[in-house]
There are 2 protein chains.
Amino acid sequence: MTEGIDNAATRIEHDPQRLAWAYLARAVQSPAPQMSKLVAEYGPIAVARAVKEGRLPETFAAATAARAHIDTAQRDLDMMAAIGGRLVTPEDPEWPQWRFLPFAGVEHEPGAGEPFALWAKGPRLLNEVTERAIGIVGTRAASSYGEHVTGELAGDLAVDGWTVVSGAAFGIDGAAHRSALGVGGATVAVLACGIDRAYPAGHSRLLRQIGQDGLVITEYPPGTTPARYRFLARNRLVAALSDGVVVVEAGWRSGARNTAAWCRKLGRPVMAVPGPVTAASSTGCNRMIREGEAALITSAADIVDVAGPIELRDDTPVVESRDTDILSGDAALVYEALPASGTRSTLELSEDSGVPIDRVRASLPLLELEGFACADETGWSRRT
Amino acid sequence: MTEGIDNAATRIEHDPQRLAWAYLARAVQSPAPQMSKLVAEYGPIAVARAVKEGRLPETFAAATAARAHIDTAQRDLDMMAAIGGRLVTPEDPEWPQWRFLPFAGVEHEPGAGEPFALWAKGPRLLNEVTERAIGIVGTRAASSYGEHVTGELAGDLAVDGWTVVSGAAFGIDGAAHRSALGVGGATVAVLACGIDRAYPAGHSRLLRQIGQDGLVITEYPPGTTPARYRFLARNRLVAALSDGVVVVEAGWRSGARNTAAWCRKLGRPVMAVPGPVTAASSTGCNRMIREGEAALITSAADIVDVAGPIELRDDTPVVESRDTDILSGDAALVYEALPASGTRSTLELSEDSGVPIDRVRASLPLLELEGFACADETGWSRRT
């Protein structure tokens, strides 16, 4: 990954539609939901032309004004091809559209929204690799305890077929990727810079390995350098692409808490590993657990119990089981709050169950699917 | 405390009423709520005579049958006097009656009930010393981490005027007592054996020191040896005498969880210190936090926040504070569940707030006292 955008890569004949996407993927400041809708309606070629010629209405100008004049589409696509990468767009089968659906519920949040497009490198397909995925994140200043636990959790999850999503930073992130790779599992690194920029530099070898065996993705076009707001935007993608995020170690103020906040907004469970109250590297995790912001987990089994699909638990005694015994976590709490007669709104269910409303919204379709809940125009009820 | 019941102590002239109590305190298998009521109604002398002569109805016989023939009252009181101890009965001003009120709500629980009487040794008065008290308990197989954290918590609480209640066992218990003594604070050791039996033997010096500077108490008459069921009964007293109990370290199966269970039954908050997920000595604590059985705490300030009285919190910004900002813990949750119009039952408040019903019952009088809640014959409502 030493190739920069200025290196001469072989010039390839690209599809005009893909060239238009590549142009837009650099011109558009992601996320830009209105632009995404515009492209979905009029197609990338027409929109790209309109952006270049400055013919878009005022409302769209903000997202593109700064970079409309830069057209490095040919060079960007050549470079991606040269390093074995690609541009993934919402039109591609690889686009994990369902992962981004929760953004529809948080459009008022600053910085919320699905990515406009994603630059990717690696043999894994993004939609497939994020079917079952857990984010594992934490402080760069990890302790040996944190790195050890990260290795155990990521390794166990990867062996169990879960993809480990993280941010390729030093400390916990790196330990998570390494452990997943170490057991031949799947891992996705979400960057806050261009895919050609190995950041942090000390992880260039790790990133190369993830690009060979897993998947490296970013919203940012080749050559983009990391910046604080890009890390925050990146965190929302780690949350969106995961069934839940585990914070292994975090200081009192930590980027991991930002990822956790995105999780909550998107209705994904947040988990944290407890640690010694004497260790600065565990203050953030202990605090999140104490404040009820994160569920305490101690093992990969705990993680699957919290974030995994509703399924028969191994420890359910067959003889004594009732149907509802298969419910765990949010689903069990929400089910308990469902009325046997009459209906309740999602807000009422949230109040009664103590489960945040976005997680109630996430649980109800699953409960319906499993035959435990049904809805009509007045609200939700228990299905008996 | 090397005195046994067979040692010759100076013979003292005791009040006949106290001799009757001393006889009953050995004869009655505590807890025995029916016997307590009988004594409250007819007085100890009449009841003692009836027990001795086997004239009690069948329903009372069970609690006394095994030991009705043993009258060592004179010797027991002599011995207690010789070691500077005493028998504390419900008739004495020192009896912390309010501490035992919650037993009225759990009469169906096996082993529940206030003690019949308590044998005590030490300069502190039981009612005074348990005005503000925190139980600190945990595994005998404590790690250096556990002992260190215990020392910090117990020392900080004791300096702050809280009494540290524990069971005088090796490990966490011992560290808690020692730390409270070390800062000149108050500590109460609740034993599962006679007050003359230093158990564990390795703590005879510690017990002597607690008897000199704090308070050693037990339900069991002199000479009683420890037994498993007595440890379990003892745990209920640690819970009853504390505003909340902190488990610092506990293995997967631990006596501390029994103490915690008593806390929940009595409406006292249970707290736990998190620890490394790699340490066997923290598995019980991490599990209790994960299962929602205990609140995670990391400091004495956290403990006071959870178990302390409703009061202005130090971190409440004066300008932005609303009245209800002074509420924390259970009280805040229960307040949120109170209806502004109409009323709700304690059961409904428990369901809505997610706070166990016994803790709802404990919070409501405080909320009423502070002017946040009022009740009529139909239930509770918010006071505006």
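Throughout, residues of each chain are indexed from 1 in the direction in which the sequence is written. Key to labels: chains lettered from A, ligands numbered from 1, both in the order written. At least 70 in pLDDT is required for a residue's local features to be given in this predicted model, at least 80 for side-chain atom pairs to be given and counted, and no such filter applies to totals for whole chains, interfaces and linings, which use all residues.

### Looking at the overall build of chain A
Our working rule: Here a helix means four or more residues in a row that DSSP labels H or I, a strand means two or more in a row labelled E, and each is numbered from the N terminus. The size measure is the radius of gyration over C-alpha atoms, and the globule rule it meets is 2.2 Å times the number of residues to the 0.38 power. We call a residue exposed when 12 or fewer other C-beta atoms sit within 10 Å of its C-beta, buried when the count reaches 20 or more, and partly exposed for counts in between; the C-beta positions come from the backbone.
Summing up its helical and strand segments, chain A has 17 helices and eleven strands in all. Taking 21 Å as the expected radius of gyration for a compact globule of 384 residues, we find that chain A reaches 22 Å, a close match to that expectation. Here the C-alpha coordinates of chain A stretch approximately 65 × 50 × 35 Å along the principal axes. A total of 384 residues make up chain A; the buried ones form 52% of that total.

### Comments concerning the environment of Tyr229 of chain B
If you trace the backbone, Tyr229 of chain B turns up in helix α11 (residues 228–240). Separated by 37 residues in the primary sequence, Tyr229 of chain B and Ala192 of chain B place their C-alpha atoms 8.7 Å from one another.

### Thoughts on the interface of chain A and chain B
Going by this rule: Contact between residues is assigned whenever the C-beta positions, reconstructed from backbone atoms, fall within 7 Å. Three residue categories are used. Nonpolar comprises Ala, Val, Leu, Ile, Met, Phe, Trp, Tyr, Cys and Pro, charged comprises Asp, Glu, Lys and Arg, and polar comprises the others, including Gly.
Counting residues at the interface gives 17 residues for chain A, matched by 17 residues for chain B. Of all elements in the fold, only α8 (144–159), α13 (283–290) and α16 (346–353) of chain A reach the threshold of two or more residues within the side of chain A that touches chain B. Looking at the side of chain A that touches chain B, its residues break down into eight nonpolar, six polar and three charged.

### Things to note about helix α14 (residues 300–307) of chain B
In an α-helix, one turn spans 3.6 residues; hence positions three or four apart end up facing the same way. All names here are of chain B. Most of α14 sits inside the fold, with six of its eight residues counted as buried. If you check which residues of α14 are buried, you get Ala300, Asp302, Ile303, Val304, Val306 and Ala307. Looking at the buried positions of α14, the neighbouring elements they touch are β3 (133–137), α8 (144–159), β7 (245–247), β8 (270–272), β9 (295–296) and α15 (329–337).

### Describing the sheet that holds strand β1 (residues 85–88) of chain B
Residues and elements named next belong to chain B. As a reminder, the rule being used: Two strands qualify as a pair provided that DSSP identifies no fewer than 2 bridges between them.
Judged by pairing direction, the sheet is mixed, and its nine strands sit side by side in the order β1-β2-β6-β5-β4-β3-β7-β8-β9 without closing on themselves. Every interior strand has two partners, whereas the edge strands, β1 and β9, have only one. The pairing of β3 with β7 spans three bridges and is parallel. Within the sheet, the bridge partner assigned to Ile136 lies in β7 and is Val246.

### A few points about the sheet that holds strand β6 (residues 215–218) of chain A
Residues and elements named next belong to chain A. Read from one edge of the open sheet, nine strands run β1-β2-β6-β5-β4-β3-β7-β8-β9, paired in mixed fashion. Across the chains shown, the open sheet's two edge strands, defined by having one partner strand only, are β1 (85–88) and β9 (295–296). Where β1 meets strand β2 (residues 118–121), four bridges bridge the pair, whose relative direction is antiparallel. Its bridge partner lying in β2, Leu87 is registered against Trp119.

### A look at the confidence of the model for chain A
Rule in force here: Scored from 0 to 100, pLDDT records how confident the predictor is in each individual residue.
When pLDDT is averaged along chain A, the result is 89; 93% of the residues meet or exceed 70. Two numbers describe this predicted complex: its pTM, 0.76, and its ipTM, 0.72.

### Some details on the packing of helix α1 (residues 16–27) of chain A against helix α5 (residues 73–82) of chain A
Residues and elements named next belong to chain A. Let me state the cut-off plainly: For helices, the fitted axis covers only the stretch in contact; all axes are lines through C-alpha atoms, and the angles between them, taken along N-to-C directions, range from 0 to 180 degrees. Oblique is the label for any angle not under 35 degrees, not over 145, and not in the 65 to 115 range, which are roughly parallel, roughly antiparallel and roughly perpendicular in turn.
Interaxial distance between α1 and α5 falls to 8 Å at its minimum, and their mutual angle equals 100 degrees. The angle between α1 and α5 places the two elements in the roughly perpendicular class. Contacts between α1 and α5 involve Arg18, Leu19, Ala22, Tyr23 and Arg26 from the former and Ala73, Gln74, Asp76 and Leu77 from the latter. Considering only residue class, the contact of α1 with α5 consists of five nonpolar, one polar and three charged.

### Notes on the relation of the copies chain A and chain B
Heads up, the rule is: When the copies are overlaid, the least-squares fit takes in C-alpha atoms only where the residue has pLDDT of at least 70 in both copies.
When chain A is fitted to chain B, the best match, at an RMSD of 0.1 Å, comes from turning it 180 degrees and sliding it 0.1 Å along the axis. What the rotation and shift describe, once combined, is the action of a two-fold rotation axis. A share of 100% of interface residues in chain A that are also interface residues in chain B marks the association as one of identical surfaces.

### Let's talk about unusual backbone geometry
Glycine aside, residues mostly have negative phi, and peptide bonds are mostly found in the trans state. Residues and elements named next belong to chain A. Geometrically, the link from Ser30 to Pro31 is a cis peptide bond, its omega value of -5 degrees lying close to zero. Structurally, Pro31 is set in the loop between α1 and α2 (33–42). A positive phi angle is found at Ala168, which is not glycine, with a value near 65 degrees. As for its placement among the helices and strands, Ala168 is situated in the loop between β4 (163–166) and α9 (172–182).

### A word on helix α5 (residues 73–82) of chain B
Residue and element names in this part refer to chain B. Applicable threshold: The arc refers to the directions leading from the helix axis to the C-beta atoms.
Of all the residues in α5, the buried ones are Ala73, Asp76, Leu77, Met79 and Met80. Looking straight down α5, one finds its buried side chains confined to an arc of 160 degrees; they lie on one side. In this fold, the buried residues of α5 make contact with α1 (16–27), β1 and β2 (118–121). After α5 finishes, the residue Gly84 shows a positive phi value of roughly 80 degrees.

### Brief notes about the nonpolar core
Our working rule: Joining buried Ala, Val, Leu, Ile, Met, Phe, Trp, Tyr and Cys residues through C-beta atoms within 7 Å gives a set, and that set is a nonpolar core.
Core analysis: the largest hydrophobic core is formed by 202 residues, its most contacted members being Val247 of chain A together with Val247 of chain B. Once residues within four sequence positions are removed from consideration, Val247 of chain A is found in contact with Val137, Gly138, Ala256, Ala260, Ala272, Gly284, Cys285, Met288 and Ala294 of chain A.

### Remarks on the pairing of strand β11 (residues 379–382) of chain B
Each regular strand shows side chains that alternate between the opposite faces of the sheet. All names here are of chain B. Pairing of strand β10 (residues 373–376) with β11, which is carried by four bridges, proceeds in the antiparallel orientation. In the strand pairing of β11, Ala375 is matched with Trp380. As consecutive antiparallel partners, β10 and β11 are separated by two residues.

### Here's the deal with the environment of Gly135 of chain B
All names here are of chain B. Its location among the elements puts Gly135 in strand β3. Using a count of 34 C-beta atoms within 10 Å as the deciding quantity, one classes Gly135 as buried. Between the C-alpha atom of Gly135 and that of Ala25, which follows or precedes it by 110 residues, the distance is 25 Å. Among residues more than four places away in sequence, those in contact with Gly135 are Val165, Ser166, Val238, Ala239, Ser242, Val245, Val246 and Thr259.

### Concerning the domain arrangement of chain A
Note: interface size is frequently given as the accessible area lost on complex formation between the parts. This is how the line gets drawn: All the domain ranges listed were derived from an automatic or database domain assignment.
On domain assignment, one finds that chain A holds domain 1 (1–78), domain 2 (84–305) and domain 3 (323–382). Here the C-alpha centroids of domain 1 of chain A and domain 3 of chain A sit 43 Å apart.

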